[in-house]
2 protein chains.
Amino acid sequence: MGMDIRRLVGLNLKIYRKAAGFSQEGLALECGLHRTYVSGVERGVRNPTVLVLAQLAEPLGIPASKLLEEPVDGE
Amino acid sequence: MGMDIRRLVGLNLKIYRKAAGFSQEGLALECGLHRTYVSGVERGVRNPTVLVLAQLAEPLGIPASKLLEEPVDGE
DNA sequence: ATGTGACTTATAGTCCGTG
DNA sequence: CCACGGACTATAAGTCACA
């Protein structure tokens, strides 16, 4: 019973997106999704599919699995 | 450009499910999904959502992120 | 640059079966 | 026990106008 996985994905996405220097709009363009959709994923109000996770992860240069990982302290 | 992520999820699920000693039907019952759906995920013909990944992972005792991880040799 | 509600179309996910 | 199909219903995908 960890946190809501949609929220987890959202938090992770925001972290990796910022680390890669993208705005939501910039990332949306890179991965072929709509700006407002990316916003919804980050806020945890969307329940994305694995195909969408892969699309988001690609321009960030991370494996899709990273978007589902619980934050580990000491990382 | 790794393998199709749906196929990856399917292969991982099958491995972890068997390791936990579940049949597809048994796992489906445990996680509240339909038996035919679990079958479809394992065959890589389904595109599950993150909520479903979490549901599948729970009775397997693994984090949902494991279902998206590429196989690493030496594991 | 982002958050949000509302909306339509595509598909996720269920349930009935078969070999 | 599992692969696979058809028909269905619930919800994700995808877009927009506006704050």
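Residues numbered from 1 in each chain as written. Chains lettered and ligands numbered in written order. Predicted model: local features only at pLDDT ≥ 70, side-chain atom pairs only at ≥ 80, totals over all residues. Heavy atoms only, no water.

**Here's the deal with the packing of helix α1 (residues 5–19) of chain B against helix α4 (residues 50–60) of chain B**
Residues and elements named next belong to chain B. At a minimum axis distance of 10 Å, the contact between α1 and α4 shows a crossing angle of 25 degrees. Taken as axis vectors, α1 and α4 run roughly parallel relative to one another. Judged by the twist between their axes, the crossing of α1 over α4 is left-handed. Each of Val 9, Leu 13, Tyr 16 and Arg 17 in α1 lies in contact with α4, whose residues at this interface are Leu 53, Leu 56 and Leu 60. (Axes fitted to C-alpha atoms, helices over the stretch in contact; angles between N-to-C directions. Helix = DSSP H or I, 4+ residues; strand = E, 2+ residues; numbered from the N terminus. Parallel < 35°, antiparallel > 145°, perpendicular 65-115°, else oblique. Left-handed = near helix turned anticlockwise from the far one by under 90°. Contact = heavy atoms within 4.5 Å.)

**Some words on the protein's contact with DNA strand D**
Taken together, 19 residues surround DNA strand D, and among them Tyr37(A), Asn47(A), Thr49(A), Gln24(B) and Arg43(B) come closest. The sugar-phosphate backbone supplies 57% of the atoms of DNA strand D found within 4 Å of the protein. Here a phosphate oxygen of DNA strand D sits 2.9 Å away from a polar atom, N or O, in the main chain of Thr49(A). Within the side chain of Gln24(B), an N or O atom sits 2.6 Å from a phosphate oxygen of DNA strand D. Of all the secondary structure elements, the ones that give two or more residues to the surface near DNA strand D are α3 (35–42) of chain A together with α1 and α3 (35–42) of chain B. (Near = heavy atom within 4 Å. Polar contact = N/O pair within 3.5 Å; in protein donor to acceptor, adjacent residues only side chain to side chain.)

**Here's the deal with the interface of chain B and chain A**
Between chain B and chain A, the contact holds 14 residues from the first and 14 residues from the second. For the pairing of chain B and chain A, the buried interface totals around 1,300 Å² over both sides, and the portion due to carbon and sulfur atoms is 74%. One can count 0 salt bridges joining chain B with chain A. Viewed at the interface, chain A and chain B are joined by 7 residue pairs in polar contact (both at pLDDT 80 or more). With 4 residues, the top contributor of residues to the side of chain B that touches chain A is α4(B). In terms of residue class, the side of chain B that touches chain A is built from 9 nonpolar, 3 polar and 2 charged. (Buried area = accessible area lost by both parts, 1.4 Å probe. Salt bridge = Lys/Arg side-chain N within 4 Å of Asp/Glu carboxyl O. Nonpolar A, V, L, I, M, F, W, Y, C, P; charged D, E, K, R; others polar.)

**Quick notes on the protein's contact with DNA strand C**
Lining the immediate environment of DNA strand C, one finds 20 residues, of which Gln24(A), Arg35(A), Tyr37(B), Arg46(B) and Thr49(B) sit closest. Backbone sugar and phosphate groups make up 58% of those atoms of DNA strand C lying within 4 Å of the protein. Arg35(A) places a polar side-chain atom, nitrogen or oxygen, 2.8 Å from a base oxygen of DNA strand C. Looking at the surface near DNA strand C, the elements that each hand over two or more residues are α2 (24–31) and α3 of chain A together with α3 of chain B. A class-by-class count of the residues in the surface near DNA strand C yields 4 nonpolar, 10 polar and 6 charged.

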